[in-house]
Amino acid sequence: MKTKLTLLLCAMLWLMPANASEWTVIQGNVASIEMDYAGDTLSLTCFGKKWPLKAKGNNHWQGWIGVDLKTKAGKHNVLWRSGKTVVAEDFLNVTKGEFRISHITVAKKMAEFDKPTLERYYREVKVLKATYTKQVSANPDIIMFGKPIEGIESTPFGAQRYVNGKPKSPHSGIDIAAPAGTVIEAPLAGRILMVADMYLNGKTVAIGHGNGLVSVFSHMQSTAVKQGEWVKTRQKIGEVGTTGRSTGPHLHWGIRFNNARINPESIVNVQ
Ligand SMILES: [Zn+2]
């Protein structure tokens, strides 16, 4: 009996990597994780996707993982590989986010669509969604240098939306209220992936920042960039407005990180 128990314990110890770390992150946030590894090549995998890494010197590495706001709470595996060899296995402990409920009331035509409007809506969403997975040559960093505008946050990230009393998709960005005409600046350099005038999102710009990061800015009064153009950090991309389904002048800013919906605030000016 004793031998069996010892064998079982040995087997369990053998299965557990010696240097496993556990990182805790809230749904919809970016986990910043670290690793000590003496080698030139290292990759980071979680949720079946590869995530950006940075060599910090002295065999120290930093990596970032985007946790979609609907990721199941609980433990998820994090694999560090050199080539095909797994050199370490960590865990990401995802905890539940506290998301507010948000009710808005809009004109009927902005809540219930006729067939041509619905077709237009699907066509536009398809074009926007295609930008989320476009590869752009990487910036050295994933950190936003600031918010695109200053203002009051009118709807937080992740809020469960009700439009005219009906539940919709959760709010995949933050809404910042500011006067119409306020200049919107790129929070990080990148390539303009899309400029469009959408039925619900209004005048919209998508920027690919590299490293799988894509920012989307909506409800603009005017846009100041062209598709394909490269923009610098803090370059003007447009002005605040209330185009599309909007109840007042504000900027909607959403970020996809390897297609995960993340809170932009989790990567503004943090290391
Ligand atoms: Zn919004």
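About the criteria used
- Residues numbered from 1 in each chain as written.
- Predicted model: local features only at pLDDT ≥ 70, side-chain atom pairs only at ≥ 80, totals over all residues.
- Heavy atoms only, no water.
- Pairing = 2+ DSSP bridges.
- Helix = DSSP H or I, 4+ residues; strand = E, 2+ residues; numbered from the N terminus.
- Axes fitted to C-alpha atoms, helices over the stretch in contact; angles between N-to-C directions.
- Donors = N, O, S within 2.8 Å, 3.2 Å for Na, K, Ca; no water.
- Buried < 20%, exposed > 50% of the residue type's maximum accessible area, 1.4 Å probe, protein only.
- Expected span 1.5 Å × (residues − 1).
- Arc of directions from axis to C-beta.
- Salt bridge = Lys/Arg side-chain N within 4 Å of Asp/Glu carboxyl O.
- Core = buried A, V, L, I, M, F, W, Y, C linked by side-chain atoms within 4.5 Å.
- Domains from an automatic or database assignment.
- Contact = heavy atoms within 4.5 Å.
- Buried area = accessible area lost by both parts, 1.4 Å probe.
- Polar contact = N/O pair within 3.5 Å; in protein donor to acceptor, adjacent residues only side chain to side chain.

1. A short note on the sheet that holds strand β7 (residues 74-82)
Part 1 of the argument: One open sheet accounts for 5 strands, arranged β1-β8-β7-β3-β4; its pairing is mixed. The open sheet terminates on both sides in strands that have one partner only, identified here as β1 (22-26) and β4 (49-51). Neighbour-to-neighbour, the strand axes of this sheet turn through a mean angle of 35°, independent of strand direction.

2. Observations regarding the coordination of the zinc ion
Part 1 of the argument: Looking at the metal site, the zinc ion is ligated by His171 (NE2), Asp175 (OD) and His252 (ND1), spaced 2.0 to 2.1 Å from it.
Part 2 of the argument: Donor residues for the zinc ion, ordered by position in the chain, follow H-x3-D-x76-H. Placement of His171 in the loop between β12 (166-170) and β13 (173-177) and of His252 in strand β20 (residues 250-257) is noted, with a sequence separation of 81 residues between them. His252 shares its class with His171; the two are buried.

3. Observations regarding helix α2 (residues 115-131)
Part 1 of the argument: A rise of 1.5 Å per residue sets the reference length of α2, with its 17 residues, at 24 Å; its end C-alpha atoms lie 25 Å apart and thus fit the reference within 8%.
Part 2 of the argument: Looking only at α2, the buried set comprises Thr117, Glu124, Leu128 and Thr131. One face of α2 carries all of its buried residues, which in axial projection span an arc of 40°. What points out from α2, more than 90 degrees from its buried face, is the exposed set Lys115, Tyr122, Arg123, Lys126 and Lys129.

4. Some points on the pattern of salt bridges
Part 1 of the argument: Evaluated as defined, the whole model comprises 8 salt bridges.
Part 2 of the argument: For the salt bridge of Asp68 with Arg261, the shortest nitrogen-to-oxygen distance reads 2.8 Å. Placement of the pair is Asp68 in the loop between β6 (60-66) and β7 and Arg261 in strand β21 (residues 260-262), with a sequence separation of 193 residues. With respect to class, Asp68 is no different from Arg261; both count as buried.
Part 3 of the argument: In this structure, Glu112 and Lys166 form a salt bridge, with 4.0 Å as the shortest nitrogen-oxygen distance. With Glu112 in the loop between β9 (101-104) and α2 and Lys166 in strand β12, this residue pair connects regions lying 54 residues apart in the sequence.

5. Examining the nonpolar core
Part 1 of the argument: Counting residues in hydrophobic clusters, the biggest one holds 49 residues, and the most contacted among them are Ile65, Leu92, Phe217 and Ile237.
Part 2 of the argument: Residue contributions to this core reach at least three from each of two domains, namely domain 1 (2-95) and domain 2 (101-267).
Part 3 of the argument: What Ile237 contacts, discounting residues up to four positions off in sequence, is Ile184, Glu185, Ala186, Val205, Ile207, Phe217, Met220, Thr223, Ala224, Val225 and Val231.
Part 4 of the argument: Counting residues in hydrophobic clusters, the runner-up holds 9 residues, among them Leu128, Val136, Leu193 and Met198.

6. Considering the domain arrangement of the protein chain
Part 1 of the argument: Parsing the protein chain into structural domains produces domain 1 (2-95) and domain 2 (101-267).
Part 2 of the argument: Domain 1 and domain 2 are separated by 32 Å when their C-alpha centres are compared.
Part 3 of the argument: Together domain 1 and domain 2 conceal approximately 1,300 Å² of surface at their shared face, both sides included; 61% is due to carbon and sulfur atoms.
Part 4 of the argument: In terms of surface lost to domain 2, no three residues of domain 1 exceed Val30, Trp64 and Leu69, which account for 37% of the buried area on that side.
Part 5 of the argument: Across the domain 1-domain 2 interface, the total number found is 1 salt bridge.
Part 6 of the argument: On inspection of domain 1 and its partner domain 2, the count reaches 6 residue pairs in polar contact (both at pLDDT 80 or more).
Part 7 of the argument: Looking at the side of domain 1 that touches domain 2, the elements with two or more residues in it are β4 and β6.

7. Points about the pairing of strand β17 (residues 213-223)
Part 1 of the argument: Extensive coverage of β17 is indicated by the burial of 8 of its 11 residues.
Part 2 of the argument: In terms of strand pairing, strand β16 (residues 202-210) meets β17 through 6 bridges, oriented antiparallel. Among the inter-strand pairings, Val205 is bridged to a residue of β17, identified as Phe217.
Part 3 of the argument: Pairing of β17 with β20 involves 6 bridges; the strand directions are antiparallel. Across the sheet, the residue bridging to Val214 is Arg256, located in β20.
Part 4 of the argument: The sheet contact formed by β17 and strand β19 (residues 236-240) spans 3 bridges and is antiparallel. Bridging across to β19, Ser222 finds its partner in Glu239.

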